[in-house]
Amino acid sequence: MNEIKGRVINVSNRLPILIRRHAGGARLERSSGGLATALEAGWRDQPGVWIGWAGTGPGENIEPFLVRAAHRRSYTLRSVALTEEETAKFYSGFANEIIWPLFHDMPSRCNFEPEYWEIYQRVNRKFAKVTAETVQDDDFVWVHDYHLMLTASALRQAGVRARMGFFLHIPFPSPDVFEKLPWKKPILKSLLEFDVIGFQGDRDRSNFVSCLERLLPEATVEHGTPHLLVGQAGRQTVVGTFPIGIDFEAFERDAERPEIAAHAAELRRRVSDDVLVLGVDRLDYTKGIPERLKSFRLLLRRFPEMRRHITLVQVVVPSREEIPNYKHLRRDVELLVSQINGEFTEPGWVPVHYIHRNLSRNELLAYYRAADIGLVTPLKDGMNLVAKEFCAAQIDERGVLIVSEFAGAGPELRSGAIIVNPNDFAEVAQALYDAAHMSVDDKRCRMRLLRQIVKDHNVHRWIRSFLQAIPCAGRTRGGPVGDSQESVAKAKERPQSTMPGLALVAAALTPASRSRYAMGKDAKLRMMGRAAGED
Ligand code: ADQ
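Quick look at the structure, then. Along every chain, residues carry numbers that run from 1 in the direction the sequence is written. The predicted origin of the model limits local features to residues at a pLDDT of at least 70 and limits the giving and counting of side-chain atom pairs to 80 or more, whereas totals for whole chains, interfaces and linings rest on all residues. As a convention, hydrogens and water are excluded, and side-chain values are obtained from all of the structure's heavy atoms.

Side-chain pairing between opposite charges can occur once the charged atoms of the two side chains come close. We define a salt bridge as a contact between a side-chain nitrogen of Lys or Arg and a carboxyl oxygen of Asp or Glu at a distance within 4 Å. One pass over the full model with this rule turns up 42 salt bridges. Taking the shortest distance from any N to any O, the salt bridge between Arg-73 and Glu-40 comes out at 2.8 Å. Here Glu-40 lies in helix α1 (residues 34-42) and Arg-73 lies in the loop between α2 (63-71) and β5 (75-79), a separation of 33 residues in the sequence. By relative accessible area, which is 13% here, Glu-40 ends up buried. Each helix is a run of DSSP H or I of at least 4 residues and each strand a run of E of at least 2, with the numbering of both proceeding from the N terminus. Only protein chains enter the accessibility calculation, which uses a 1.4 Å probe. A residue is then buried if its area is under 20% of the maximum for its type, exposed if over 50%, and partly exposed in between.

So, about the site of the ligand. Of all residues adjacent to the ligand, which total 27 residues, the nearest are His-169, Leu-359, Asp-381, Met-383 and Glu-389. Interatomic distance of 2.9 Å between a side-chain N/O atom of Arg-282 and an oxygen atom of the ligand. The backbone of Gly-382 places a nitrogen or oxygen atom 3.0 Å from an oxygen atom of the ligand. Under the convention used here, a 1.4 Å probe and the Shrake-Rupley method define accessible areas, while residue burial counts only the protein chains that appear. Contact with the protein chains removes 95% of the 720 Å² of surface that the ligand exposes when unbound. Of all the secondary-structure elements, those providing two or more residues to the shell around the ligand are α1, β12 (275-282), β13 (310-317), α13 (361-370) and α14 (385-393). Note on residue categories: nonpolar means Ala, Val, Leu, Ile, Met, Phe, Trp, Tyr, Cys or Pro, charged means Asp, Glu, Lys or Arg, and polar means any other residue, Gly included. Counted by class, the shell around the ligand contains 13 nonpolar, eight polar and six charged residues. Any residue with a heavy atom positioned within 4 Å of a molecule or strand is treated as near that molecule or strand. Counting of polar contacts relies on pairs of N or O atoms within 3.5 Å, with two restrictions inside protein: one atom must be capable of donating a hydrogen and the other of accepting it, and residues adjacent in sequence are counted only when both atoms are side-chain atoms.

Bringing the sheet that holds strand β15 (residues 373-376) into the picture now. In short, DSSP must find at least two bridges between two strands for them to pair. Ordered by their spatial adjacency, six strands build an open sheet running β14-β13-β12-β15-β16-β17, and the pairing between neighbours is parallel. Two strands close off the open sheet at either side, each with one partner strand: β14 (352-356) and β17 (418-420). Put simply, the sheet's adjacent strands are angled 20° from each other on average, direction ignored. Here the axes come from fitting lines to C-alpha atoms, over the contacting stretch only for helices, and the angles between their N-to-C directions go from 0 to 180 degrees.

So, in structure tokens, the structure goes:
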């Protein structure tokens, strides 16, 4: 990251480690979930600081744990201690009972409790205070996700002059949904205190801009290339699209290991030596698990010849179990699994294998390698890393990916995957049937294309392209943004980079146009020819 003169200070709700108290003391665990997985992989060799919550409260001496955890990493860790009330009302409350469902287009699941907003503001100030104590002027502060949307204004109030960016890992909703939020304006205004804001996909970015146009009409929006430039209250913010990726090489390399191949072969022998379908998710209502199970049931009802020949392995990692909606979801999923198994099980064949626990990386890799079909059907998802991990681990190029059109991964992977609407059970059932009957050549051709996309758009490129957008940004405090043309001209005059030509590099690294990967008929035939030729 040599384009940043100082350090990068990552700030996220959770640190990559979690300190879990138990009767005999405490132990260090890895945080689960997409954000921690991606950042850990991308930041492995980069110096800097990571600020976040380690699962502990005020007054606990966790320094030895942080030092131990930092020992194997290139960056140091600083924790923000949260009280039980803050954990309940900021994390479970505002973040996960309001913003999470709202931003995933599920407003009826929101609990707009006013006290949650008070605590959300307080905790954002807490994160900002620890960050302000850590940061120096030439550092870059990179804040992650919906838990911390108010940190920018708190940091600016604290006099922090460093450049700051924000990346939203989840979707951004349309104005009709966003405007239901009672605290919509302070959130938009605080976001515009960042120098750069990143979204997973174009749809999220254009929803954000539509919200600005409706709710903050005084903001100016300049549609530049590759990013937008938003002016508001005398300052400018670069707004871009940066689809997140995975550490492709690490997944590929690990999936190739002989013990993973042996474990995968063992799984196929024990679970299904015919068609093995795999779902891997946090247990979350946005991931569409009940809908997926209903689609699988429809497949078995509509195509009786598939019975005994297709098996679904559904792996779920327990998540947010203290929130009522999540408890109900677990009950619904388990009921559906038992109904399907009750309806179809025959001696020697159980249609749904249900695993409710955190898998080790090796186990996960073995399942990815063993599977014939990766079934990724969230109702809405910022990106969905499972879709990408499945492709990276498919070194034999024999798996088929079915992915929801409402995941960020949908548009990005559409040229090689089968795209479905997860609410259309018949369509998903048909996609499963088609995938199970796809020719070896077609499968290989599609998977080769998918793996190339995932490889090109890896997590390192995501970090690089985000950081390279910073030089386009700059603070123009002290005076309203006049004519937007003028503000753009000013932005162009400003020193752009600590490295020559960075803006050009950034332009070259923007998410490749979808058309580059669109599998036109000719390209498809060419690739199939090549795949067949290599046989
Ligand atoms: P998440 O909602 O957590 O992330 P996702 O992108 O699917 O979702 O990542 C889940 C991660 O957890 C994957 O790395 C997967 O391997 C791991 N995982 C899932 N089930 C597991 C299990 N049983 N055992 C072990 N590991 C398991 C948020 C957004 C996403 C966005 C990411 C990153 O909601 O849309 O892709 O951040 O930006």
